[in-house]
Amino acid sequence: MSRLKRLLTEPAKRPQLILWCGVVLTVLAAFVAVSTIGTSVNWFCTGPCHIVHDDNTMTFEKSSHVMLSCVACHEPVNASPLTFVLKKLEVLPDAFPTIFKTFELPMNENHSLAFEMPDEQCTQCHNLENRTVTTSPGIIMNHGVHANEGVSCTSCHNRVAHPEEDVEYVLEGDRKHEDWMVMDACFRCHSLEAGALAPGECAKCHPADFDLVPASHYEPGWYQEFGESGGHAAAASEETSRVASAAQWAAGFDEVKHRETLDMGYERSVNTCFTCHAKQFCTDCHGIEMPHPEGFATDHGAAGTQNPQACARCHARSANEAEGKIFCNACHHPQSTPDKTWIQTHFEVVKIDGAQPCFECHNPRYCSACHVGGPEAAARYVQENAGK
Ligand code: HEC
Ligand code: HEC
Ligand code: HEC
Ligand code: HEC
Ligand code: HEC
Ligand code: HEC
Ligand code: HEC
Ligand code: HEC
Ligand code: HEC
Ligand code: HEC
Ligand code: HEC
């Protein structure tokens, strides 16, 4: 009979059995304790897990929280030892991709970590009720309002422990994240449009002495009345297509479980023009729907005649041309000059180049109608002959 069998069956051996059981349990408990503590120190997250967390450690080391343990935020607050151990088991499957370097990058691209992190993680150290928050100059912030609405800390402070500004990622395929402490990110909820979740008026977040105009608007060619205005048009078109591709990017994610009570998208999906401008601001100035409808190039005479001021805002080259329909000449008679009407100058062009080029569009009788009968006769002629 083996020694083990005797130990288990003979009553005389019972004290010895109890002793051995005690030894085994103690060793086991010590192992669990050591491995739990061991796997909770930053060295474990960043040392052997090395490779996989190289980038996250790099950002962490640039943060204001560098003195903390990773588990302060990434493991439940005041968890019972059992929860703590279960939490370890939950991430055990991550060990294989880590060892075999088959982990997927970019990590946390859809921000599920920020969306899911509970406030206790932060309020265990920060009590905003007894702290006066000092904001940067020019920024007004109200923490209480958001707490009441159930907006979590990491809905805004998502990169507080992993700032990415001056960091070059080393892992192939890793990419930087959105930072929700920028104005566009506030406009995931705030907006100037009616019926928004939260207000978008500048004065809600900026004091009266704050310069509200961004640097881009001071660039030459951004907008100049009767001059170069293509700057804002190009920026607007670029922004529209950027937002369209961001929408595709966001549509690629499985739905993230929000802790939020409020519906909140991604910062990249926010069109920056419409954070500071209500859509009406643009159409008020354009005066018509933009871009021009299809076929407009060949059929715009009527629209131009009905609403000449709107056309003039974009097509007139001077205040002079912005009156009535004189702006038509900017395109139709490129030889015209912005400072004079075409009537005042058309004959100078004819004297140099002759009238032949004019007859590409005009019937000679158009000219003579005016020369003989005066402008009224010309207008009558135009009406009867549809401009030819
Ligand atoms: C002060 C709280 C805090 C501490 C401490 C902290 N993190 Fe994070 N961590 C976060 C938050 C919040 C996110 C979510 C960021 C997001 O979704 O934009 C995050 C994200 C991550 C991610 C996902 C990748 C990324 O950059 O979004 C990894 C991996 C990570 N942390 C590892 C670590 C490691 C390793 C440590 C310790 C060296 C650590 N964290 C310490 C709060 C913290
Ligand atoms: C273990 C304690 C601890 C935890 C957990 C913690 N912080 Fe901090 N935090 C600090 C300390 C210490 C400082 C530096 C001194 C200060 O400003 O209070 C700091 C600084 C800050 C600052 C100001 C500096 C900066 O980088 O902007 C913000 C904002 C902040 N923490 C937000 C958070 C958020 C959000 C969380 C939760 C994701 C969090 N903290 C979790 C201890 C903590
Ligand atoms: C709606 C967005 C938002 C939410 C939600 C939010 N904060 Fe803030 N927080 C800000 C802004 C904006 C500032 C001012 C930052 C600046 O101007 O530099 C700030 C400032 C702070 C500061 C002060 C930093 C300093 O340098 O003094 C701390 C600490 C802080 N927040 C912690 C928290 C904690 C903890 C929570 C969750 C209970 C939280 N915040 C929720 C937007 C937010
Ligand atoms: C998740 C949605 C959400 C995000 C993101 C968010 N807010 Fe808010 N904010 C709200 C809601 C909701 C209110 C309350 C609106 C109300 O009372 O009508 C609010 C109100 C405010 C107010 C008070 C306005 C007032 O009426 O006086 C300030 C200031 C403010 N937010 C600043 C910010 C800043 C700065 C950011 C970005 C750093 C931000 N918010 C991001 C949802 C959000
Ligand atoms: C919900 C809060 C909020 C509202 C409302 C808001 N802002 Fe901001 N704004 C911010 C925050 C936060 C920053 C600083 C972060 C950044 O630079 O993006 C900022 C920065 C700016 C800046 C400097 C950065 C830049 O892009 O040049 C300008 C200019 C500005 N805001 C203009 C405006 C104007 C104009 C309005 C009103 C139409 C407005 N803001 C409304 C939160 C807000
Ligand atoms: C950070 C806020 C902010 C953003 C973002 C912004 N604007 Fe503006 N914009 C302003 C302010 C403030 C004015 C001056 C408004 C006024 O005079 O009523 C202005 C004025 C303008 C004007 C009138 C001409 C001028 O320069 O005064 C145009 C055109 C314009 N913006 C287009 C755009 C377009 C297009 C975008 C997006 C590519 C954009 N803006 C983004 C704040 C902003
Ligand atoms: C102060 C008047 C004014 C305002 C305000 C204004 N625009 Fe314009 N917009 C113009 C002018 C003038 C042009 C013609 C530009 C050119 O070709 O030089 C134009 C042209 C454009 C075009 C090009 C149209 C095309 O078919 O190529 C786009 C796009 C555009 N604007 C977008 C915007 C957006 C978006 C806003 C609001 C954020 C805005 N604009 C606000 C005056 C304005
Ligand atoms: C917001 C500025 C804006 C307004 C207002 C506007 N246009 Fe234009 N228009 C443009 C721009 C920019 C182009 C060139 C790009 C394009 O084809 O969309 C253009 C192109 C055209 C063309 C085609 C020219 C060619 O060579 O093919 C015609 C014709 C025209 N506009 C007529 C008009 C008339 C008539 C009106 C008034 C009903 C008007 N536009 C109002 C900005 C404007
Ligand atoms: C942005 C430049 C532009 C402006 C401004 C413009 N036009 Fe034109 N227009 C054109 C071009 C280009 C054509 C030639 C289109 C074609 O046949 O392909 C044209 C053709 C025409 C035609 C002849 C259409 C046909 O049947 O072939 C008429 C009539 C006309 N324009 C009237 C006007 C009037 C009236 C105005 C001012 C209210 C005006 N246009 C302003 C560019 C312009
Ligand atoms: C590309 C076609 C085109 C060519 C080429 C052209 N015109 Fe015109 N012209 C027009 C259109 C369109 C109008 C506007 C007709 C209307 O009022 O409906 C016009 C109007 C005029 C007017 C009346 C302007 C006013 O303010 O009432 C004169 C004068 C004129 N053209 C002279 C000329 C002369 C001279 C030439 C040759 C140097 C010439 N045109 C070449 C298309 C053309
Ligand atoms: C809307 C009326 C009008 C139309 C249409 C018109 N003209 Fe004229 N034209 C005038 C007026 C008015 C003068 C005299 C200008 C002055 O002396 O200031 C003039 C003068 C001239 C002269 C100089 C005559 C001289 O004796 O010095 C020539 C050449 C001329 N036009 C050519 C044309 C041609 C070619 C067309 C057609 C393609 C045309 N005009 C269409 C109004 C018109």
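Please refer to the structure higher up on the page.
Residues numbered from 1 in each chain as written. Chains lettered and ligands numbered in written order. Predicted model: local features only at pLDDT ≥ 70, side-chain atom pairs only at ≥ 80, totals over all residues. Heavy atoms only, no water.

Draft legend 1. Local environment of the site of ligand 3. In the vicinity of ligand 3, 17 residues are found, and the nearest of them are Ser-136, His-143, Cys-153, Cys-156 and His-157. Measuring from an oxygen atom of ligand 3, one finds a side-chain N or O atom of Arg-131 at 3.2 Å. At 2.8 Å from a nitrogen atom of ligand 3 is found a side-chain nitrogen or oxygen belonging to His-143. Taken together, the residues of the shell around ligand 3 break down into eight nonpolar, eight polar and one charged. (Near = heavy atom within 4 Å. Polar contact = N/O pair within 3.5 Å; in protein donor to acceptor, adjacent residues only side chain to side chain. Nonpolar A, V, L, I, M, F, W, Y, C, P; charged D, E, K, R; others polar.)

Draft legend 2. Quick look at a nonpolar patch on the surface. Where nonpolar side chains cluster on the molecular surface, the patch consists of Leu-82, Leu-86, Leu-89 and Leu-92 and spans about 410 Å² of accessible area. Relative to the helices and strands, Leu-92 is located in the loop between α6 (81-90) and α7 (95-100). Accessibility expressed as a relative area gives 48% for Leu-92, which makes it partly exposed. (Patch = residues over 30% accessible without salt bridge, like charges linked within 9 Å, V, L, I, M, F, W, Y side chains within 5 Å. Areas by Shrake-Rupley, 256 points an atom, 1.4 Å probe, with all protein chains shown as cover. Salt bridge = Lys/Arg side-chain N within 4 Å of Asp/Glu carboxyl O. Helix = DSSP H or I, 4+ residues; strand = E, 2+ residues; numbered from the N terminus. Buried < 20%, exposed > 50% of the residue type's maximum accessible area, 1.4 Å probe, protein only.)

Draft legend 3. Broad picture of the site of ligand 8. What surrounds ligand 8 is a group of 13 residues, the closest being His-286, His-292, Cys-311, Cys-314 and His-315. Side-chain polar atom of His-292 to a nitrogen atom of ligand 8: 2.7 Å apart, as the coordinates give it. His-315 places a side-chain nitrogen or oxygen 2.8 Å from a nitrogen atom of ligand 8. Mapped onto the shell around ligand 8, the elements with two or more residues apiece are α16 (301-306) and α17 (308-315). With four residues, the single largest contributor to the shell around ligand 8 is α17. Class assignment of the residues belonging to the shell around ligand 8 gives a composition of eight nonpolar, five polar and no charged.

Draft legend 4. Representation of the side chain of Asp-55 within the structure. Along the chain, the position of Asp-55 falls in helix α4 (residues 54-61). Here Asp-55 sits buried without a salt bridge, and the closest side chain of opposite charge, Arg-159, lies 9.7 Å off (N-O distance). Residues contacting Asp-55, with those up to four places away along its chain left out, are Tyr-169, Val-170, Leu-171 and Asp-174. (Lys, Arg positive; Asp, Glu negative; His and termini not counted. Contact = heavy atoms within 4.5 Å.)

Draft legend 5. Just the coordination of the iron atom of ligand 8, in detail. The iron atom of ligand 8 binds to the protein through His-292 (NE2) and His-315 (NE2), with metal-donor distances spanning 2.0 Å. Classification of the site at the iron atom of ligand 8 rests on its six donor atoms, whose angles at the metal span 85 to 179°, yielding the label octahedral. Remark: His-315 occurs in helix α17 and His-292 occurs in the loop between α15 (279-286) and α16; sequence separation between them is 23 residues. Residue His-292 is classed as partly exposed on the basis of its relative accessible area of 33%. (Donors = N, O, S within 2.8 Å, 3.2 Å for Na, K, Ca; no water. Tetrahedral: all angles 85-135°; square planar, octahedral: opposite > 155°, others 65-115°.)

Purely spatial values, then, with no claim about function.
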